[in-house]
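Below are the chains, spelled out letter by letter.
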Amino acid sequence: MRRLVPTLVAVLALAFVSSVPAKSLFVVTGHGWGHGVGLSQWGSYGLARDNWTYQQIIAHYYRGTALDARSPGRQVGVFLAQRTSLTVGSTARFKVTDGSRTRRHGAANPVSVTRTSTGRIRVDGIGTFASPATISSSSPLWLGSSRYRGDLRISVVGSALRAVNRVGIDNYVRGVVTRESPAWWGDVGAQEAIEAQAVAARSYALYTLAHGGGKCSGYLCPDVRDQVYGGLSSETANGNEAVNATSGVVVEYNGAIAQTFFSSSSGGRTAASVDVWGGSVPYLQSENDPADLNSDNPNRKWRLKLTGSQMQSRLGLPRSPKDGTAARNSSDRVRSMTFSRPGWSAVVPGGDA
């Protein structure tokens, strides 16, 4: 979901011998990719290849939780676009309603949607409507070049139009699951990992909407700010199979839906939420995760070399450092880094950003 927070990091300053003043080279080594809290996608893959079920995978990453079910048709809203004009359509006839009247479009060709000078919504070839207006069809809808299940709700926001996809939770997860975890995992014996991802994605969405809404004006964002969502255009056979196998299943803690964070790779040990963002959550503790270090994981180990000036630029330091050390927290991640040169030093906190 977010950028790199290494699991294990060593920062070393090495001096080159040359005819000019020595320059420092910082060698950064680490394991994993992402904030490391909750489910590791590559760890799930490793566990699934070891014949773990999705239920066992969920229990491993979210300790003390239980599984329960919600209606698979429960609707969520996903923010898709906000601009001055939209192009919508369907492979079949569609209708537009604003609550007081409904008009039907008799052809399958796409139409342009714009805002009138009086703040109404104009749908070419159909008429104008009060805001918000809902576009629906018995077939998937198009917004630009992407297809979506459910409805499109169009609202006037200032001088622009906002498009929100209203869709049942399971159909939403269909558009997420193999954008977050690779579909090919299901072809190599790791379908249970995709099923675990489906449960985590469903739970994350419902928890988010129950606690103030998503990060895009109260709706779920279609990207890493919440979860990557591509609608029907991003569905796959393995992803849909995973959604069907886990239909409506969510992660609960003490009877409430859990906040099921996930990231690409834990580097062999997940991170406690308190070490990354602050605030201890009982089911988001640091756990040993050796399955994450499987040989197929491209980020199980990595190495990066940076000059002092490159380190200065990347971390926003006021001066180019010559030496550096890293201190670790209880999750074995970087708590802080101390950089120095004669007469100067600076401490850079670790954590997710």
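Our subject is the structure that appears above.
The notes below deal with the structure included here. All of these numbers come straight from a predicted model, not from anything done at the bench. (Residues numbered from 1 in each chain as written. Predicted model: local features only at pLDDT ≥ 70, side-chain atom pairs only at ≥ 80, totals over all residues. Heavy atoms only, no water.)

**Overview of the environment of V199**
Right, on to step 1. Mapped onto the fold, V199 is located in helix α5 (residues 191–210).
Right, on to step 2. Linking V199 and G230, residues 31 residues apart in sequence, is a C-alpha distance of 18 Å.
Right, on to step 3. Discounting residues that sit within four places of it in the chain, V199 has contacts with Y54, I58, L67, T246, V249, V250 and V251. (Helix = DSSP H or I, 4+ residues; strand = E, 2+ residues; numbered from the N terminus. Contact = heavy atoms within 4.5 Å.)

**Comments concerning α5**
Right, on to step 1. Here α5 spans 29 Å end to end across 20 residues, near enough to the 28 Å set by a 1.5 Å rise per residue.
Right, on to step 2. Where burial is concerned, most of α5 is hidden: 17 out of the 20 residues are buried.
Right, on to step 3. Immediately beyond the C-terminal end of α5, within one or two residues, lies G212, with a positive phi of roughly 95°. (Expected span 1.5 Å × (residues − 1). Buried < 20%, exposed > 50% of the residue type's maximum accessible area, 1.4 Å probe, protein only.)

**Examining unusual backbone geometry**
Right, on to step 1. Of the consecutive residues S131 and P132, the connecting peptide bond is found in the cis state with omega at 0°.
Right, on to step 2. Backbone geometry at N254 places phi at a positive 55°, although glycine is not the residue there.
Right, on to step 3. Tracing the backbone through its elements, the reader meets N254 in the loop between β17 (249–253) and β18 (256–257).
Right, on to step 4. Even without being a glycine, D332 presents a positive backbone phi close to 65°.
Right, on to step 5. For D332, the location among the structural elements is in the loop between β21 (323–328) and β22 (334–341).

**Focus: the state of the cysteines**
Right, on to step 1. The final tally for this structure, using the stated rule, is 1 disulfide.
Right, on to step 2. Here C216 pairs with C221 through a disulfide, and the sulfurs are 2.1 Å apart. Handedness of the C216-C221 disulfide follows from its S-S torsion of about 110°: it is right-handed.
Right, on to step 3. By relative accessible area, which is 6% here, C216 ends up buried.
Right, on to step 4. Residue classification places C221 among the buried residues on the basis of a relative accessible area of 0%. (Disulfide = S-S within 2.5 Å.)

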